[in-house]
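Working through the structure, step by step
Below, each chain spelled out in residue letters.
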Amino acid sequence: QVQLAESGGGLVQPGGSLRLSCAASGGIVGIGLMNWYRQAPGRERELVAQISTGGNTNYADSVKGRFTVFRDNANNAMDLQMTSLKPADTAVYYCLMNIQTTLTETGDYWGQGTRVTVSS
């Protein structure tokens, strides 16, 4: 059974930094695209960043130049380094991975979410 475990959220002042981590475990053959999403109160979940198997990245315009996504293929994990945080970055952050579990089966798996609050 595939599980994604997130960590690293918390309370930070505007201008501060946080690093989120997401690690997958359980019956993994391979992992394709890795993504970070976030959902702020009263808003829809939105894509923040993604990284391909080859290391190509894509970011939401609102976080470009401030957030960096990293991938660790050996450990089925990824991180999101967030800098120059703003109150608008306050949200629950979720990781999403496209995971191959058998030779013929692939699915999307979500983490449980970790809360980030940017406030003075």
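Every chain begins its residue count from 1, and numbering advances along the sequence as written. pLDDT decides what is reported in this predicted model: residues at 70 or higher carry local features, side-chain atom pairs at 80 or more are listed and counted, and totals for whole chains, interfaces and linings draw on all residues regardless. Water and hydrogen atoms were dropped before computing side-chain values, which therefore reflect all heavy atoms in the structure.

1. Description of the pairing of strand 1 (residues 3-7)
So the rule is basically this: Partly exposed describes any residue whose relative accessible area lies between the buried limit of under 20% and the exposed limit of over 50%, with all areas from a 1.4 Å probe on protein chains only and scaled to the type maximum. Secondary structure elements follow DSSP: runs of H or I of four or more residues count as helices, runs of E of two or more count as strands, with numbering from the N terminus. Note on pairing: DSSP must find at least two bridges between two strands before they are called paired.
Covered by surrounding structure in strand 1 are L4 and E6 only, the residues Q3, A5 and S7 on the alternate face being uncovered. Sheet topology places strand 1 next to strand 3 (residues 18-25); 5 bridges connect them, and they run antiparallel. From the neighbouring strand, S7 faces strand 3, where its bridge partner is S21.

2. Let's talk about the sheet that holds strand 3
In plain terms, the rule: Helix axes are fitted to C-alpha atoms over the stretch in contact, other axes to C-alpha atoms as well, and angles between N-to-C directions run from 0 to 180 degrees.
With antiparallel pairing, 4 strands are arranged side by side in an open sheet as 1-3-8-7. Edge positions in the sheet fall to strand 1 and strand 7 (67-72), since each has one partner strand and no second. On average, each strand axis in the sheet is tilted by 15 degrees relative to the strand beside it, whichever way the strands run.

3. Quick word on the side chain of N35
Under the convention used in this document: A 3.5 Å cut-off defines polar contacts: any pair of N or O atoms within that distance qualifies, except that in protein one atom must be a possible hydrogen donor and the other a possible acceptor, and neighbouring residues in sequence count only when both atoms are side-chain atoms. Two residues qualify as a contact provided that any one of their heavy atoms is within 4.5 Å of a heavy atom in the partner residue.
With respect to the secondary-structure elements, N35 resides in strand 4 (residues 30-39). For N35, a relative accessible area of 5% puts it in the buried group. Of the polar contacts made by the side chain of N35, one reaches the side chain of Q50; its length is 2.8 Å. When near neighbours in sequence (up to four residues on either side) are disregarded, N35 contacts L47, A49, Q50, M78, Y94, C95 and L96.

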